[in-house]
Amino acid sequence: MKIDRIHHVAYRCKDAKETVEWYVKHLNMDFVLAIAEDQVPSTKEPDPYMHVFLDAGQGNVLAFFELPNSPEMGRDTNTPAWVQHIAFKVDSLETLEAIKAKLQASGIEVIGPTDHTIFKSIYFFDPNGHRLELAADVGTPEMYKQLDEVKWDMLNEWAQTKRAPKHAAWMHEHEFKALD
């Protein structure tokens, strides 16, 4: 068996309407579906919800649940805020820069572009506190080949030492040179 693709990913939101409007306005996603029930179909628990679905492009669907009877939404305080994020691909550096300018003009704080060598990214938060990343690929076939050749060695070394292997340290040299 092989997975065909992700059907959708679902996150919690504070306000379904605000969330849909934000993603439509700032990331140009289409609102494609809303499902609401007073009972959870899988568990049969009484728990009203609004489940909204947004088109993130090419068959990718981003979904959110608003749960008015649950305690206020929080985040995993044992995980740094930069770890858990949703990353979306854009078609070019020009698009990345244009979206950054649009977000900043709307008062949204944006970090980046960060140079990951094979892609450049910007980072920001949605109204629910979910960290988002937009990335534009800039890598060459040779770079991807180099990374492919060392992925298992890196993973195996990490599994034994829990220290960052240096096989692909070249990827962030530009970002870290500024710290020297």
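Residues numbered from 1 in each chain as written. Predicted model: local features only at pLDDT ≥ 70, side-chain atom pairs only at ≥ 80, totals over all residues. Heavy atoms only, no water.

Broken down by element type, the chain carries 4 helices and 8 strands. Each helix and strand of the chain, ordered N terminal to C terminal, gives the series β-α-β-β-β-β-α-β-β-β-α-α. Across its three principal axes, the chain shows a C-alpha extent of roughly 55 × 40 × 35 Å. For the chain, the proportion of its 180 residues judged to be buried stands at 29%. As presented, the chain carries roughly 12,200 Å² of accessible surface, and 55% of it is formed by carbon and sulfur atoms. Distance from the positive charge centre (19 side chains) to the negative charge centre (29 side chains) of the chain: 3 Å. (Helix = DSSP H or I, 4+ residues; strand = E, 2+ residues; numbered from the N terminus. Buried < 20%, exposed > 50% of the residue type's maximum accessible area, 1.4 Å probe, protein only. Areas by Shrake-Rupley, 256 points an atom, 1.4 Å probe, with all protein chains shown as cover. Lys, Arg positive; Asp, Glu negative; His and termini not counted. Charge placed at Lys NZ, Arg CZ, Asp CG, Glu CD.)

Here the focus is the packing of aromatic side chains. For the structure on display, the rule yields 5 aromatic pairs. Relative to phenylalanine 64, the ring of tyrosine 11 lies with its centre 6.5 Å away and its plane at 45 degrees, an arrangement referred to as tilted. Separated by 53 residues along the polypeptide, tyrosine 11 in strand 1 (residues 9-13) and phenylalanine 64 in strand 4 (residues 61-66) bring together distant segments of the chain. Aromatic side chains tyrosine 49 and phenylalanine 65 sit 5.6 Å apart centroid to centroid with 65 degrees between the ring planes, which places their arrangement in the edge-to-face category. Separated by 16 residues along the polypeptide, tyrosine 49 in strand 3 (residues 46-55) and phenylalanine 65 in strand 4 bring together distant segments of the chain. Residue classification places tyrosine 49 among the buried positions, given a relative accessible area of 11%. Counting every residue linked through ring pairs, the aromatic cluster contains Tyr11, Trp22, Tyr23, Phe64 and Phe124. (Phe/Tyr/Trp six-rings, centres within 6.5 Å; stacked < 30°, edge-to-face > 60°.)

This part is about the sheet that holds strand 5 (residues 85-90). The strand order across the open sheet formed by 4 strands is 5-8-7-6, and the pairing between neighbours is mixed. Edge strands, defined here as strands with exactly one partner in the open sheet, are strand 5 and strand 6 (111-115). If you compare each strand with its neighbour and ignore which way they point, the axes differ by 25 degrees on average. Both strand 6 and strand 7 (residues 119-125) contribute to a ladder of 3 bridges, which runs antiparallel. Following the sheet pairing, isoleucine 111 is matched in strand 7 by tyrosine 123. Sheet strands in contact with helix 2 (residues 93-105) are strand 5, strand 6, strand 7 and strand 8 (131-137), and its direction is about 20 degrees off that of strand 7. (Pairing = 2+ DSSP bridges. Axes fitted to C-alpha atoms, helices over the stretch in contact; angles between N-to-C directions. Contact = heavy atoms within 4.5 Å.)

This part covers the pattern of salt bridges. Scanning all chains against the criterion turns up 4 salt bridges. In this structure, lysine 145 engages glutamate 149 in a salt bridge whose closest nitrogen and oxygen atoms are separated by 2.4 Å. You can see lysine 145 and its partner glutamate 149 sitting in helix 3 (residues 141-161), 4 residues apart, about one turn around the helix. Between lysine 151 and aspartate 148 there is a salt bridge; the shortest N-O distance is 2.5 Å. With lysine 151 and aspartate 148 both in helix 3 and 3 residues apart, the pair spans about one turn of that helix. On the basis of relative accessible area, aspartate 148 is assigned to the partly exposed category, the value being 44%. (Salt bridge = Lys/Arg side-chain N within 4 Å of Asp/Glu carboxyl O.)

What follows is about the sheet that holds strand 2 (residues 30-39). Hydrogen bonds between backbone atoms are what pair the strands of a sheet, whose relative direction is either parallel or antiparallel. The strand order 1-4-3-2 describes an open sheet built from 4 strands, whose pairing is mixed. Since the sheet does not close on itself, it has two edges, and those belong to strand 1 and strand 2, each with one partner. Within this sheet the neighbouring strands show an average axis-to-axis angle of 25 degrees, counted without direction. Of the strand pairs in this sheet, strand 2 and strand 3 are connected by 8 bridges, and their pairing is antiparallel. Looking at the pairing, leucine 33 lines up with phenylalanine 53 of strand 3. Of the strands in this sheet, strand 1, strand 2, strand 3 and strand 4 touch helix 1 (residues 16-27), which is tilted by about 5 degrees from strand 3.

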